[in-house]
Amino acid sequence: MNTELELLMPGGSLEKIKYAIAYGADAVYAGVPRYSLRARENEFFDIDLVKEAIDFVHARGKKIYLTANIYAHNNKINSFMDAMKEMVDLKPDAFIMTDPGLIALTKDKFPEAVIHLSTQANNTNWAQVKFWKDYGIERAILARELRIEEIKEIHEKVPGIELEAFVHGSICMAYSGRCLLSNYLSYRDANQGTCSHTCRWGFKVQANDAARGKRADGQTQFDDVATDYIPLDGDFYLEEKERPGEMMPIDEDEYGTYIMNSKDLCGIDYMTQLRDAGIISFKVEGRNKTEYYASIVARAYRRGLDAIANGQELPDEIRDWMLAEVATTANRGFIPGFYPRNAKAAAQELERSHAIQTHLYAARVVAYDKNSQVACLDVKNRMDEGDELTVITCDQGEFTQPFTNAYYGGHPEAIKFSEETFDLDPVNRAKKFNEVKIEATSHAHGGGKYVYMKMQRDMGANPTMSVLRMIYKDAQTLKKNRPEMIAERDAAVV
Ligand code: SF4
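These notes cover the structure that comes with them. Keep in mind the model is a prediction, meaning the values are calculated, not measured. (Residues numbered from 1 in each chain as written. Predicted model: local features only at pLDDT ≥ 70, side-chain atom pairs only at ≥ 80, totals over all residues.)

### Remarks on the overall build of the protein
Here is step 1 of the chain: When helices and strands are counted, the protein shows 13 helices and 22 strands.
Here is step 2 of the chain: In the protein, which comprises 494 residues, the proportion classed as buried is 41%.
Here is step 3 of the chain: Within the protein, counting contacts between residues at least 6 apart in sequence, those at least 24 apart form 68% of the total. (Helix = DSSP H or I, 4+ residues; strand = E, 2+ residues; numbered from the N terminus. Buried ≥ 20, exposed ≤ 12 C-beta atoms within 10 Å, placed from the backbone. Contact = placed C-beta atoms within 7 Å.)

### Focus: the sheet that holds strand β22 (residues 467–471)
Here is step 1 of the chain: Across the sheet, eight strands lie side by side as β17-β16-β22-β13-β14-β21-β18-β19; this open sheet has antiparallel pairing. A single partner strand is all that each edge strand has here, and the edge strands are β17 (398–402) and β19 (439–441). The average angle at which neighbouring strand axes cross in this sheet is 35°, direction not considered.
Here is step 2 of the chain: Sheet analysis places strand β13 (residues 359–369) next to strand β14 (residues 374–379), joined by six bridges and oriented antiparallel. Looking across to β14, one finds that Arg364 is bridged to Asp378. (Pairing = 2+ DSSP bridges. Axes fitted to C-alpha atoms, helices over the stretch in contact; angles between N-to-C directions.)

### Quick look at the site of the ligand
Here is step 1 of the chain: Close to the ligand lie 12 residues, the nearest being Cys172, Cys179, Ala190, Cys195 and Cys199.
Here is step 2 of the chain: For the shell around the ligand, the class distribution of residues is eight nonpolar, four polar and no charged. (Near = placed C-beta within 6 Å. Nonpolar A, V, L, I, M, F, W, Y, C, P; charged D, E, K, R; others polar.)

### What to know about the environment of Leu49
Here is step 1 of the chain: By secondary structure assignment, the location of Leu49 is in helix α2 (residues 47–59).
Here is step 2 of the chain: Note on Leu49: 15 C-beta atoms within 10 Å, which makes it partly exposed.

### Notes on the pairing of strand β1 (residues 6–10)
Here is step 1 of the chain: Counting buried positions along β1 gives four out of five residues, so the element sits mostly inside the fold.
Here is step 2 of the chain: Here three bridges tie β1 to strand β11 (residues 281–284), and the two strands are oriented parallel to one another. Across the sheet, the residue bridging to Glu6 is Ser281, located in β11.
Here is step 3 of the chain: Sheet analysis places β1 next to strand β2 (residues 27–31), joined by three bridges and oriented parallel. Bridge pairing links Leu8 to Ala27 in β2.
Here is step 4 of the chain: Following the chain from β1 across helix α1 (residues 14–22) to the adjacent parallel β2, one finds a crossover that is right-handed. (Right-handed = clockwise from strand over helix to strand, strands pointing away.)

As structure tokens, this is what we get:
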């Protein structure tokens, strides 16, 4: 049984796994083709890619767990077991599973397979965890709904099993992720791995004919144009028929209403308590998030876990740095989940569903010419001449420099990029055959086009694991943004 603290990062693709490992993950989790939740965002439909990911992780002395946590219908059992056979042969470090029937079949057929019990199994009490430990399960991934005292009690009553808990990422508003909402509204079943995040959708308050004309200007409120939105006249409430008089206010603005949109989990302030309560694996959610998220969140929690590994408290300076770092990634505002208590209304972001963050993911380095210090950048968000960028490397710290001395099609100072670089970029493939010119540019757009920029410092031994970020500049750079988000951002940055 593992007793060392583990940072477990999401591995939505081989690329993201590489970033997570480079920035400090001890282990990653990735989906078994077709049989994990998040199946639609899962790159690993191809068994060869799964094998490549496992080999990559093992070559670096890290671990990889494969998620196979669907609740299966009868007609999926045979194909599931066929898929498991292929996966077992690849020797991942564990399978994350939920369905008791599938677990029994897997243990029977592949006794060598290590199984971690998914959080979808609602691991909310010690009796259940004891049941699964006695059954031979090596690790329980605890329900997000638990308080720290409950985790402690589970650990004290069932000491011989590894405990894993989520510390960071999006939270599903459904109980342990078990939800029919997505299935009902978009025919995509969350329990079969195809959730459409329906709880994040914006809903509009509508009225029937009798209630039309209630707007202050006498018009009806049925169009979808935010710019001429006029508030509904009066207050609106939901009243459940068995609870007369208990009024639940519903409100909307020009963008609608977000009645089930949970804020994101951030457990930085509870890491030491979770450690003391018996958690050994600190799990981050977000298989469909960016390489930037994988890098920055891994780097932040790596530093935090290293600081508390020997029983110490988390120093304030590291805690503050971690909070500032995770705030640079897309988020809906943070809460500590249920660890201290039930956050109730504070857990919901009712005003909007889109992400807030202090910084933008500007670019990632996909190739680097050491002699000239020119980097080839895969641009993620618009950068303009003079924008201050923070360049974050996986092994050489970070530095700032402006966006300047940038070119499309190559760079006049670059001596040599590897052949692979040319393969990456159609523009450069053409350039190789002298078909395009190198052109100076004062800005770069996202959307897959590469830009070449002279870096002001050497990028170290692993330049292509570097990511660049920049602070939000103005409302124009924020798609679908609203003025109060800018104000929030400015307050957060100060
Ligand atoms: S729709 Fe929302 S609550 Fe339901 S499973 Fe998906 S993320 Fe969870």
